[in-house]
Amino acid sequence: MTASSRVAASGEAASRAAAARASVVADPAGTLLALDFDGTLSHIVDDPTRAYAHPDSVEALGRLGSVLGQLAIITGRPVRQALDLGGFEGRAGLERLVILGQYGAERWDAADGRTSEPDRPAAVAELASTLPDWLVEHGAQDVRIEDKGLAIALHTRGIDPRLLDELREPVDRLAAALGLAVEPGRQVIELRGLGHDKGDALLALAAESGARQVIFGGDDLGDLPAFAAVEQLRTQGVGGLLLCSASAEQDALVARADIVLDGPDAVAAWLQELADELVPA
Ligand SMILES: O=P(O)(O)OC[C@H]1O[C@H](O[C@H]2O[C@H](CO)[C@@H](O)[C@H](O)[C@H]2O)[C@H](O)[C@@H](O)[C@@H]1O
(Lines give C-alpha, C1' and ligand atoms only; values in the text may rest on other atoms or scores of the structure.)
Protein backbone atom coordinates (compact mmCIF):
# COMPACT_ATOMS: atom_id res chain seq x y z
CA MET A 1 0.00 0.00 0.00
CA THR A 2 1.44 3.38 -0.97
CA ALA A 3 0.78 6.70 0.72
CA SER A 4 -1.35 7.73 -2.24
CA SER A 5 -3.75 4.81 -2.11
CA ARG A 6 -6.30 3.72 0.43
CA VAL A 7 -8.62 0.78 0.89
CA ALA A 8 -12.33 1.63 0.80
CA ALA A 9 -13.74 2.29 4.22
CA SER A 10 -15.83 -0.79 4.86
CA GLY A 11 -14.24 -3.81 6.47
CA GLU A 12 -16.12 -6.01 4.00
CA ALA A 13 -14.46 -4.28 1.05
CA ALA A 14 -11.06 -4.56 2.71
CA SER A 15 -11.37 -8.30 3.28
CA ARG A 16 -12.74 -8.80 -0.27
CA ALA A 17 -9.76 -6.86 -1.62
CA ALA A 18 -7.30 -8.97 0.39
CA ALA A 19 -8.92 -12.24 -0.68
CA ALA A 20 -9.11 -11.21 -4.34
CA ARG A 21 -5.51 -10.08 -4.36
CA ALA A 22 -4.39 -13.37 -2.80
CA SER A 23 -6.27 -15.25 -5.55
CA VAL A 24 -4.57 -13.15 -8.22
CA VAL A 25 -1.14 -13.80 -6.72
CA ALA A 26 -1.86 -17.53 -6.41
CA ASP A 27 -3.36 -17.83 -9.91
CA PRO A 28 -2.13 -15.05 -12.21
CA ALA A 29 -2.83 -17.14 -15.32
CA GLY A 30 -6.51 -17.26 -14.34
CA THR A 31 -6.73 -13.49 -13.97
CA LEU A 32 -8.29 -10.95 -16.32
CA LEU A 33 -7.12 -7.38 -15.63
CA ALA A 34 -9.29 -4.79 -17.39
CA LEU A 35 -8.91 -1.04 -17.06
CA ASP A 36 -10.69 2.05 -18.24
CA PHE A 37 -8.53 4.61 -20.10
CA ASP A 38 -9.43 8.27 -19.36
CA GLY A 39 -9.20 9.18 -15.69
CA THR A 40 -7.78 5.76 -14.81
CA LEU A 41 -4.75 5.18 -17.04
CA SER A 42 -4.52 8.81 -18.15
CA HIS A 43 -4.97 12.04 -16.23
CA ILE A 44 -7.98 14.13 -17.18
CA VAL A 45 -6.79 17.09 -19.26
CA ASP A 46 -8.56 19.85 -21.19
CA ASP A 47 -7.61 18.52 -24.63
CA PRO A 48 -8.79 14.91 -25.21
CA THR A 49 -6.14 14.46 -27.91
CA ARG A 50 -3.41 14.91 -25.30
CA ALA A 51 -4.63 12.50 -22.58
CA TYR A 52 -1.62 10.19 -22.66
CA ALA A 53 -1.50 7.02 -20.54
CA HIS A 54 0.63 7.24 -17.41
CA PRO A 55 4.03 5.82 -18.38
CA ASP A 56 4.35 3.88 -15.09
CA SER A 57 1.01 2.18 -15.76
CA VAL A 58 2.06 1.21 -19.27
CA GLU A 59 5.37 -0.14 -17.96
CA ALA A 60 3.60 -2.16 -15.25
CA LEU A 61 1.07 -3.52 -17.76
CA GLY A 62 3.96 -4.70 -19.92
CA ARG A 63 5.29 -6.73 -16.98
CA LEU A 64 1.86 -7.97 -15.90
CA GLY A 65 1.03 -9.02 -19.45
CA SER A 66 3.71 -11.71 -19.28
CA VAL A 67 2.05 -13.46 -16.32
CA LEU A 68 -1.66 -12.59 -16.24
CA GLY A 69 -4.11 -14.61 -18.31
CA GLN A 70 -5.61 -11.60 -20.10
CA LEU A 71 -5.13 -7.83 -20.15
CA ALA A 72 -7.75 -5.46 -21.53
CA ILE A 73 -8.52 -1.77 -21.89
CA ILE A 74 -12.26 -1.10 -21.97
CA THR A 75 -12.89 2.48 -23.00
CA GLY A 76 -15.27 4.97 -24.50
CA ARG A 77 -12.44 5.94 -26.85
CA PRO A 78 -12.18 4.58 -30.35
CA VAL A 79 -9.53 1.85 -30.41
CA ARG A 80 -7.25 3.96 -32.61
CA GLN A 81 -7.18 6.82 -30.08
CA ALA A 82 -6.49 4.46 -27.19
CA LEU A 83 -3.59 2.97 -29.14
CA ASP A 84 -2.15 6.37 -30.02
CA LEU A 85 -2.49 7.77 -26.50
CA GLY A 86 -1.48 4.57 -24.73
CA GLY A 87 1.60 3.55 -26.69
CA PHE A 88 0.48 -0.08 -26.33
CA GLU A 89 1.09 -1.25 -29.89
CA GLY A 90 4.19 -3.43 -30.27
CA ARG A 91 5.17 -3.11 -26.62
CA ALA A 92 6.84 -6.15 -25.03
CA GLY A 93 4.48 -7.97 -22.69
CA LEU A 94 1.35 -6.65 -24.36
CA GLU A 95 1.24 -9.26 -27.12
CA ARG A 96 -2.19 -10.48 -25.95
CA LEU A 97 -3.71 -7.13 -24.99
CA VAL A 98 -7.30 -6.61 -26.11
CA ILE A 99 -8.79 -3.12 -26.45
CA LEU A 100 -12.57 -2.89 -26.40
CA GLY A 101 -13.30 0.59 -27.72
CA GLN A 102 -16.42 2.75 -27.90
CA TYR A 103 -17.96 0.96 -24.90
CA GLY A 104 -17.37 -2.44 -26.46
CA ALA A 105 -18.55 -1.73 -30.01
CA GLU A 106 -14.98 -1.97 -31.37
CA ARG A 107 -12.29 -4.54 -30.65
CA TRP A 108 -8.55 -4.62 -31.31
CA ASP A 109 -6.37 -7.64 -30.62
CA ALA A 110 -2.65 -7.15 -30.21
CA ALA A 111 -2.20 -10.79 -31.24
CA ASP A 112 -3.06 -10.05 -34.87
CA GLY A 113 -3.24 -6.25 -34.92
CA ARG A 114 -6.75 -6.33 -36.36
CA THR A 115 -9.63 -4.06 -35.43
CA SER A 116 -13.28 -4.99 -35.79
CA GLU A 117 -15.76 -2.15 -35.83
CA PRO A 118 -19.36 -1.77 -36.96
CA ASP A 119 -20.51 0.76 -39.54
CA ARG A 120 -21.40 4.23 -38.34
CA PRO A 121 -25.08 4.23 -37.34
CA ALA A 122 -27.23 6.37 -39.66
CA ALA A 123 -28.60 8.16 -36.59
CA VAL A 124 -25.09 9.27 -35.58
CA ALA A 125 -24.47 10.57 -39.10
CA GLU A 126 -27.76 12.50 -38.94
CA LEU A 127 -26.81 13.89 -35.54
CA ALA A 128 -23.43 15.03 -36.83
CA SER A 129 -25.04 17.10 -39.57
CA THR A 130 -27.61 18.80 -37.33
CA LEU A 131 -25.67 19.21 -34.09
CA PRO A 132 -23.92 22.56 -34.69
CA ASP A 133 -27.26 24.31 -35.30
CA TRP A 134 -28.89 22.43 -32.42
CA LEU A 135 -26.16 23.64 -30.03
CA VAL A 136 -26.64 27.25 -31.15
CA GLU A 137 -30.41 26.92 -30.64
CA HIS A 138 -29.74 25.72 -27.08
CA GLY A 139 -27.24 28.48 -26.24
CA ALA A 140 -24.46 25.89 -26.15
CA GLN A 141 -22.34 27.01 -29.10
CA ASP A 142 -19.17 26.86 -26.94
CA VAL A 143 -19.55 23.12 -26.41
CA ARG A 144 -16.79 21.21 -28.18
CA ILE A 145 -17.91 18.38 -30.47
CA GLU A 146 -15.83 15.18 -30.57
CA ASP A 147 -17.02 12.99 -33.43
CA LYS A 148 -15.87 9.43 -32.76
CA GLY A 149 -17.60 7.81 -35.71
CA LEU A 150 -19.85 5.53 -33.68
CA ALA A 151 -20.64 8.26 -31.15
CA ILE A 152 -20.53 12.00 -30.69
CA ALA A 153 -19.28 13.51 -27.44
CA LEU A 154 -20.21 16.99 -26.27
CA HIS A 155 -17.41 18.39 -24.11
CA THR A 156 -18.02 21.16 -21.57
CA ARG A 157 -14.67 21.13 -19.75
CA GLY A 158 -13.50 24.71 -19.31
CA ILE A 159 -17.01 26.08 -19.93
CA ASP A 160 -19.54 27.04 -17.25
CA PRO A 161 -20.06 23.68 -15.42
CA ARG A 162 -23.81 24.37 -15.12
CA LEU A 163 -24.14 23.95 -18.89
CA LEU A 164 -23.76 20.17 -18.61
CA ASP A 165 -26.76 19.93 -16.28
CA GLU A 166 -28.78 22.35 -18.41
CA LEU A 167 -28.14 20.28 -21.53
CA ARG A 168 -29.08 16.96 -19.98
CA GLU A 169 -32.84 17.04 -20.62
CA PRO A 170 -32.64 18.42 -24.16
CA VAL A 171 -29.92 15.87 -24.98
CA ASP A 172 -32.09 13.08 -23.60
CA ARG A 173 -34.94 14.22 -25.87
CA LEU A 174 -32.63 14.50 -28.88
CA ALA A 175 -31.20 11.02 -28.28
CA ALA A 176 -34.68 9.52 -27.85
CA ALA A 177 -35.83 11.09 -31.12
CA LEU A 178 -32.84 9.60 -32.95
CA GLY A 179 -32.86 6.23 -31.16
CA LEU A 180 -29.45 6.79 -29.57
CA ALA A 181 -28.13 6.09 -26.06
CA VAL A 182 -26.92 8.88 -23.77
CA GLU A 183 -23.64 8.31 -21.97
CA PRO A 184 -22.90 11.01 -19.38
CA GLY A 185 -19.37 11.46 -18.05
CA ARG A 186 -16.88 13.87 -16.58
CA GLN A 187 -17.74 17.20 -18.22
CA VAL A 188 -19.02 15.31 -21.23
CA ILE A 189 -22.24 13.81 -22.60
CA GLU A 190 -22.05 11.31 -25.41
CA LEU A 191 -24.72 10.14 -27.81
CA ARG A 192 -24.01 6.68 -29.18
CA GLY A 193 -25.58 3.54 -30.56
CA LEU A 194 -27.75 1.36 -28.33
CA GLY A 195 -27.18 -2.21 -27.30
CA HIS A 196 -23.77 -2.46 -25.66
CA ASP A 197 -21.87 -1.19 -22.64
CA LYS A 198 -18.68 -1.87 -20.72
CA GLY A 199 -20.44 -4.50 -18.62
CA ASP A 200 -21.40 -6.59 -21.66
CA ALA A 201 -17.88 -6.17 -22.99
CA LEU A 202 -16.27 -7.31 -19.74
CA LEU A 203 -18.59 -10.31 -19.29
CA ALA A 204 -17.90 -11.50 -22.84
CA LEU A 205 -14.14 -11.20 -22.40
CA ALA A 206 -14.24 -12.92 -18.99
CA ALA A 207 -16.11 -15.86 -20.55
CA GLU A 208 -13.82 -15.96 -23.60
CA SER A 209 -10.66 -15.95 -21.49
CA GLY A 210 -12.00 -18.39 -18.88
CA ALA A 211 -11.04 -15.97 -16.11
CA ARG A 212 -11.22 -17.28 -12.57
CA GLN A 213 -10.76 -13.78 -11.19
CA VAL A 214 -11.40 -10.39 -12.74
CA ILE A 215 -9.89 -7.04 -11.76
CA PHE A 216 -11.60 -3.96 -13.17
CA GLY A 217 -10.64 -0.33 -12.57
CA GLY A 218 -12.49 2.79 -13.63
CA ASP A 219 -13.35 6.34 -12.66
CA ASP A 220 -16.62 7.42 -14.24
CA LEU A 221 -20.30 6.65 -14.81
CA GLY A 222 -19.61 4.68 -17.99
CA ASP A 223 -17.65 2.22 -15.84
CA LEU A 224 -20.61 1.36 -13.62
CA PRO A 225 -21.88 -1.44 -15.91
CA ALA A 226 -18.43 -3.05 -15.67
CA PHE A 227 -18.63 -2.77 -11.87
CA ALA A 228 -22.03 -4.49 -12.06
CA ALA A 229 -20.53 -7.19 -14.29
CA VAL A 230 -17.84 -7.96 -11.70
CA GLU A 231 -20.50 -8.05 -8.97
CA GLN A 232 -22.48 -10.50 -11.12
CA LEU A 233 -19.41 -12.67 -11.74
CA ARG A 234 -18.83 -12.87 -7.98
CA THR A 235 -22.26 -14.47 -7.56
CA GLN A 236 -21.14 -17.10 -10.10
CA GLY A 237 -17.99 -17.99 -8.17
CA VAL A 238 -15.54 -15.82 -10.14
CA GLY A 239 -13.30 -13.69 -7.94
CA GLY A 240 -13.65 -9.96 -8.41
CA LEU A 241 -11.61 -6.92 -7.44
CA LEU A 242 -12.97 -3.44 -8.12
CA LEU A 243 -10.65 -0.44 -8.25
CA CYS A 244 -11.89 3.14 -8.26
CA SER A 245 -9.66 5.87 -9.63
CA ALA A 246 -11.09 8.60 -7.44
CA SER A 247 -11.58 12.26 -8.35
CA ALA A 248 -13.31 15.32 -6.97
CA GLU A 249 -15.52 15.24 -10.09
CA GLN A 250 -17.16 11.84 -9.71
CA ASP A 251 -17.78 9.71 -6.62
CA ALA A 252 -20.33 7.22 -7.98
CA LEU A 253 -17.86 4.33 -7.94
CA VAL A 254 -16.38 4.87 -4.48
CA ALA A 255 -18.94 2.98 -2.39
CA ARG A 256 -18.85 -0.04 -4.71
CA ALA A 257 -15.06 -0.26 -4.99
CA ASP A 258 -12.88 -2.60 -2.98
CA ILE A 259 -9.91 -0.29 -3.33
CA VAL A 260 -10.10 3.47 -3.82
CA LEU A 261 -7.02 5.02 -5.39
CA ASP A 262 -6.28 8.73 -5.63
CA GLY A 263 -6.44 9.05 -9.41
CA PRO A 264 -4.16 7.83 -12.19
CA ASP A 265 -0.91 8.35 -10.22
CA ALA A 266 -2.14 5.99 -7.50
CA VAL A 267 -3.46 3.55 -10.11
CA ALA A 268 0.03 3.49 -11.63
CA ALA A 269 1.58 2.90 -8.19
CA TRP A 270 -0.89 0.06 -7.50
CA LEU A 271 -0.10 -1.60 -10.84
CA GLN A 272 3.61 -1.23 -10.19
CA GLU A 273 3.23 -2.93 -6.78
CA LEU A 274 1.28 -5.80 -8.32
CA ALA A 275 3.87 -6.19 -11.08
CA ASP A 276 6.69 -6.15 -8.49
CA GLU A 277 4.92 -8.91 -6.55
CA LEU A 278 4.10 -11.08 -9.55
CA VAL A 279 7.17 -10.48 -11.69
CA PRO A 280 10.13 -10.08 -9.33
CA ALA A 281 13.21 -8.50 -10.95
O1 LIG B 1 -14.12 5.24 -21.02
P2 LIG B 1 -12.99 6.24 -20.90
O3 LIG B 1 -11.68 5.68 -21.32
O4 LIG B 1 -12.94 6.82 -19.52
O5 LIG B 1 -13.35 7.41 -21.90
C6 LIG B 1 -14.46 8.28 -21.62
C7 LIG B 1 -14.34 9.58 -22.41
O8 LIG B 1 -13.07 10.14 -22.10
C9 LIG B 1 -12.62 11.29 -22.79
O10 LIG B 1 -13.15 12.43 -22.15
C11 LIG B 1 -12.66 12.60 -20.84
O12 LIG B 1 -11.24 12.79 -20.86
C13 LIG B 1 -10.81 13.99 -21.55
C14 LIG B 1 -9.29 13.99 -21.56
O15 LIG B 1 -8.75 13.94 -20.28
C16 LIG B 1 -11.39 15.20 -20.82
O17 LIG B 1 -11.01 16.40 -21.48
C18 LIG B 1 -12.92 15.09 -20.78
O19 LIG B 1 -13.45 16.17 -19.99
C20 LIG B 1 -13.33 13.77 -20.14
O21 LIG B 1 -14.73 13.58 -20.19
C22 LIG B 1 -12.90 11.23 -24.28
O23 LIG B 1 -12.69 12.49 -24.88
C24 LIG B 1 -14.25 10.66 -24.60
O25 LIG B 1 -14.35 10.44 -26.00
C26 LIG B 1 -14.37 9.33 -23.90
O27 LIG B 1 -15.54 8.64 -24.28
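First, a word on what this report is: a plain description of the structure on this page. Bear in mind that the values here come from a model prediction, so they are computed numbers and not experimental data.

## Brief notes about the overall build of the protein
Line of reasoning, step 1. In terms of helices and strands, the protein carries eight helices and 13 strands.
Line of reasoning, step 2. For 281 residues, the compact-globule estimate of 2.2 N^0.38 gives 19 Å, and the C-alpha radius of gyration of the protein, at 19 Å, lies within 12% of that figure.
Line of reasoning, step 3. Its C-alpha atoms give the protein principal-axis dimensions of about 60 × 40 × 35 Å.
Line of reasoning, step 4. Out of the 281 residues belonging to the protein, those deemed buried represent 45%.
Line of reasoning, step 5. Sequence separation of at least 24 residues holds for 69% of the intrachain contacts in the protein that already meet a minimum separation of 6.

## A short note on the packing of helix H6 (residues 198-209) against helix H7 (residues 224-235)
Line of reasoning, step 1. Orientation of H6 relative to H7, taken along the N-to-C sense of each, is 40°, at an axis distance of 6 Å. The angle between H6 and H7 falls in the class oblique. Both H6 and H7 take part in a crossing whose hand is right-handed. Residues Lys198, Gly199, Leu202, Leu203 and Ala206 of H6 form the contact with H7, whose own contacting residues are Pro225, Ala226, Ala228, Ala229 and Leu233.
Line of reasoning, step 2. Tallied by class, the residues present in the contact of H6 with H7 amount to eight nonpolar, one polar and one charged.

## Here's the deal with helix H4 (residues 122-137)
Line of reasoning, step 1. The first and last C-alpha atoms of H4 sit 23 Å apart over 16 residues, in line with the 22 Å expected at 1.5 Å per residue.
Line of reasoning, step 2. When the local axis directions of H4 are compared, the greatest deviation, roughly 50°, occurs at Thr130, which is followed within four positions by the proline Pro132.
Line of reasoning, step 3. Gly139 sits one or two positions beyond H4 and adopts a positive phi of about 60°.

## Topic: the sheet that holds strand E7 (residues 144-147)
Line of reasoning, step 1. Spatially, the four strands line up as an open sheet ordered E7-E8-E10-E9, and their pairing is antiparallel. Strands at the two margins of the open sheet, each flanked by one partner only, are E7 and strand E9 (181-185). In this sheet, adjacent strand axes meet at a mean angle of 20° when their direction is disregarded.
Line of reasoning, step 2. Pairing geometry for strand E8 (residues 151-155) and strand E10 (residues 188-192), over five bridges, is antiparallel. When the bridges of E10 are listed, Ala153 appears paired with Glu190.
Line of reasoning, step 3. Contacts from H4 reach E7, E8 and E10 within the one sheet, and its direction differs from that of E8 by about 35°.
Line of reasoning, step 4. Contacting E8, E9 and E10, helix H5 (residues 162-178) crosses the sheet at an angle of about 5° to E10.

## Focus: the site of the ligand
Line of reasoning, step 1. Of all residues adjacent to the ligand, which total 24 residues, the nearest are Phe37, Asp38, Pro48, Thr75 and Gly76.
Line of reasoning, step 2. Every element with two or more residues in the shell around the ligand is listed here: E8 and E10.
Line of reasoning, step 3. The residue makeup of the shell around the ligand, split by class, is seven nonpolar, seven polar and 10 charged.
Line of reasoning, step 4. Looking at which domains feed residues into the shell around the ligand, each of domain 1 (5-118 + 196-278) and domain 2 (122-192) supplies at least three.

About the criteria used
- Residue positions within a chain follow its written sequence, with the count starting from 1.
- Local features in this predicted model are restricted to residues of pLDDT 70 or higher, and side-chain atom pairs are both shown and tallied only at a pLDDT of 80 or more, whereas totals for entire chains, interfaces and linings draw on every residue.
- Secondary structure is summarised from DSSP: a helix means a run of H or I of at least four residues, a strand means a run of E of at least two, and numbering begins at the N terminus for each.
- The globule rule is 2.2 Å times the number of residues to the power 0.38, and the radius of gyration it is compared with is taken over C-alpha atoms.
- Exposure classification rests on a simple neighbour count of other C-beta atoms within 10 Å of a residue's own: a residue reaching 20 or more is buried, one at 12 or fewer is exposed, and one in between is partly exposed. C-beta atoms are placed from the backbone.
- Residues are scored as being in contact if the C-beta atoms we place from backbone atoms lie within 7 Å.
- Fitting a line to C-alpha atoms yields each axis, with helices limited to the stretch in contact; the angle taken between N-to-C directions then spans 0 to 180 degrees.
- An angle below 35 degrees is treated as roughly parallel, one above 145 as roughly antiparallel, one from 65 to 115 as roughly perpendicular, and anything else as oblique.
- Whether a crossing is left-handed or right-handed is set by the direction in which the near helix is turned from the far one by less than a right angle, anticlockwise for left-handed and clockwise for right-handed.
- Lys, Arg, Asp and Glu make up the charged group, whereas Ala, Val, Leu, Ile, Met, Phe, Trp, Tyr, Cys and Pro make up the nonpolar group; the residues left over, Gly among them, are polar.
- Multiplying 1.5 Å by the residue count of a helix minus one yields the expected span of that helix.
- Bend at a residue means the angle formed by two fitted axes: the first through the 7 residues ending at that position, the second through the 7 residues beginning there.
- Pairs of strands are assigned from DSSP output, requiring at least two bridges between the strands.
- The rule is simple: place the C-beta atom from the backbone, and if it lies within 6 Å of a molecule or strand, the residue is near it.
- Residue ranges for the domains originate in an automatic or database domain assignment.

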